[in-house]
2 protein chains.
Amino acid sequence: MTEKKTIEEFLGELSSKAPVPGGGGASAIGGAIGNGLGQMVANLTIGKKKYAEYEEELKELLERMKELQRGFTDLADRDGEVFAPLAAAYRLPYETDLEKQYKDQVMEASLLAASLIPMQIMETCMEMLAILSVLAEKGSRMAISDVGVGVQFIRASLTGAAMNVFINTGSMKNRDEAERLNERAQLMIDRGTEAADEIYDKILKGLKK
Amino acid sequence: MTEKKTIEEFLGELSSKAPVPGGGGASAIGGAIGNGLGQMVANLTIGKKKYAEYEEELKELLERMKELQRGFTDLADRDGEVFAPLAAAYRLPYETDLEKQYKDQVMEASLLAASLIPMQIMETCMEMLAILSVLAEKGSRMAISDVGVGVQFIRASLTGAAMNVFINTGSMKNRDEAERLNERAQLMIDRGTEAADEIYDKILKGLKK
């Protein structure tokens, strides 16, 4: 399990030639870090008199973030798990008609599975951006910079995971399915980076005043 | 030491109320992850016949990236270390003239120290972007998406660390020094995000073809 590794081990494995963890696993961990900063801001706000009117809403968001953090770390593990079948599929023989038909089918299924994990990372990031946007408004002013850092991690997780959607859909034979996934991913990149940049720029402006 | 923690422990401490690790430490770890992806791409390219002409250059970049990764993890530790003196300075009494003078001096020195660590994270990110730009051109095509993910992590580390520069310079009394730091940080944000987005967009375009 990815989260049981030390940061040193994770960085060592990431830096190595080994295919796993790669960009997909890293993106999921980046999402978990951005989420952690969101939780920190909620924890620093809850219980403070000044923010009492937001208490209930922030408690709910905190609980949801805890679930989403488990989501991110699970997706880091699952991203690793879909890689082995895909690598094995690439190595299948491709000579006879039967072999071709079999390999095409296995490849297609493996590529789809390998696209859907980063797609789920992206969807989790979109929900996190909505939560961070609330925290930017209602979270403790003392921790506002941490909302900004969190937003940047979620942005990196979103755009990073998108790379792994496109690299896998690019090899799919079912172009309709591939295009459908690409369009959804591109839409999330567009909306997500716009939302992230808006939150970040507003915080930056406030800090520089 | 941050890197001896498991990812689970790091996420737990990050998510908690505890001030350390916060956005600064997270930014440094994000930089180390982006760096790790850069190293992976170099490792997947070195030794491949197809890329023999870049072999020497990539070996040098790999060695440099190893140093920069230690830089990032050291900065994660140091970001935690400058927080305690700053928090202690905020708690100093501020009644008599002597107390005021003393607290002002201690605060100023602590704020400067707390600004310089994220500044160093940003500088390390700028060097990483230059390296990733080379890897985007000369790294194995099989790992091009990982360059794109790496770029996004470095972008998050850069813009995340900037938040911690501005939040600390904002309280400095020496406004000349503060403005000088702010200008440098803003210049790195502008140039760095432009460079990062250029590399990422080019890779994305290539993947979608």
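Please read these numbers as outputs of a predicted model, since none were measured by experiment.

About the cut-offs
- Residues numbered from 1 in each chain as written.
- Chains lettered and ligands numbered in written order.
- Predicted model: local features only at pLDDT ≥ 70, side-chain atom pairs only at ≥ 80, totals over all residues.
- Heavy atoms only, no water.
- Contact = heavy atoms within 4.5 Å.
- Buried area = accessible area lost by both parts, 1.4 Å probe.
- Salt bridge = Lys/Arg side-chain N within 4 Å of Asp/Glu carboxyl O.
- Least-squares fit on C-alpha atoms with pLDDT ≥ 70 in both.
- UniProt positions renumbered as here; feature names shortened; annotations may be inferred.
- Helix = DSSP H or I, 4+ residues; strand = E, 2+ residues; numbered from the N terminus.
- Buried < 20%, exposed > 50% of the residue type's maximum accessible area, 1.4 Å probe, protein only.
- Core = buried A, V, L, I, M, F, W, Y, C linked by side-chain atoms within 4.5 Å.
- Disulfide = S-S within 2.5 Å.
- Axes fitted to C-alpha atoms, helices over the stretch in contact; angles between N-to-C directions.
- Parallel < 35°, antiparallel > 145°, perpendicular 65-115°, else oblique.
- Left-handed = near helix turned anticlockwise from the far one by under 90°.
- Nonpolar A, V, L, I, M, F, W, Y, C, P; charged D, E, K, R; others polar.

## Some remarks on the interface of chain A and chain B
- Each partner contributes to the interface: chain A provides 54 residues, whereas chain B provides 54 residues.
- Taking both sides of the interface into account, the surface hidden between chain A and chain B amounts to around 4700 Å²; carbon and sulfur atoms contribute 67%.
- It is Ile7, Ser15 and Met163 of chain A in chain A that bury the most area against chain B; as a group they hold 15% of the surface buried on that side.
- At the junction of chain A and chain B, the tally comes to two salt bridges.

## What to know about the relation of the copies chain A and chain B
- Screw-axis analysis of chain A against chain B gives a translation of 0.0 Å along the axis, an RMSD of 0.0 Å, and a rotation angle of 180°. Classification of the inter-copy transformation places it as that of a two-fold axis. Considering only C-alpha atoms, the residue of chain A closest to the rotation axis is Thr6 of chain A, which sits at 1.8 Å.
- Comparing contact sets, 100% of the residues at the interface of chain A also lie at the interface in chain B, consistent with an isologous, same-surface contact.

## What to know about the UniProt feature "domain: Cyclodeaminase/cyclohydrolase" (unreviewed entry) in chain A
- The UniProt entry lists residues 6-186 of chain A under the feature "domain: Cyclodeaminase/cyclohydrolase" (unreviewed entry), expressed in the numbering used here.
- From the first C-alpha to the last, residues 6-186 of chain A spans 33 Å; its make-up is 82% helix and 0% strand.

## Comments concerning the environment of Ala143 of chain A
Residues and elements named next belong to chain A.
- Relative to the helices and strands, Ala143 resides in the loop between helix H4 (97-138) and helix H5 (144-169).
- Owing to a relative accessible area of 1%, Ala143 belongs among the buried residues under this scheme.
- For the pair Ala143 and Gln186, spaced 43 residues apart in the sequence, the C-alpha separation amounts to 31 Å.
- With residues up to four places along the chain from it excluded, the contact list for Ala143 reads Val41 and Leu44.

## Overview of the nonpolar core
- Among the nonpolar cores identified, the biggest contains 129 residues, and Ile33, Met122 and Leu135 of chain A together with Ile33, Met122 and Leu135 of chain B are the most heavily contacted of them.
- Top element by residues in this core is helix H4 (residues 97-138) of chain B. It accounts for 15 residues.
- What Leu135 of chain A contacts, discounting residues up to four positions off in sequence, is Gly38, Val41, Ala42, Leu58, Met65, Arg141 and Val147 of chain A.

## Overview of the state of the cysteines
- According to the stated counting rule, one finds zero disulfides over all chains in the structure shown.
- Between Cys125 of chain A, a cysteine without a disulfide, and Cys125 of chain B, which holds the nearest cysteine sulfur, the sulfur-to-sulfur distance is 19 Å.

## Description of the pattern of salt bridges
Residue and element names in this part refer to chain B.
- Across all of its chains, the model carries 26 salt bridges over all chains by this definition.
- One salt bridge connects Arg64 with Glu67, and the closest N-O pair in it is separated by 2.6 Å. Separated by three residues within a single helix, Arg64 and Glu67 lie in helix H3 (residues 55-90), roughly one turn from each other.
- The class of Arg64 is partly exposed, set by a relative accessible area of 31%.

## As for the packing of helix H2 (residues 23-45) of chain A against H5 of chain A
All names here are of chain A.
- The contact between H2 and H5 brings their axes to 8 Å, and the two run at 160°. With respect to their mutual orientation, H2 and H5 come out roughly antiparallel. In the crossing of H2 with H5, the sense of the turn from one axis to the other is left-handed. Where H2 approaches H5, its residues Gly23, Gly24, Ser27, Ala28, Gly30, Gly31, Ile33, Gly34, Asn35, Leu37, Met40 and Val41 are matched on the opposing element by Asp146, Val147, Val149, Gly150, Phe153, Ile154, Ser157, Gly160, Ala161 and Asn164.
- Its residues assigned to classes, the contact of H2 with H5 comprises ten nonpolar, eleven polar and one charged.

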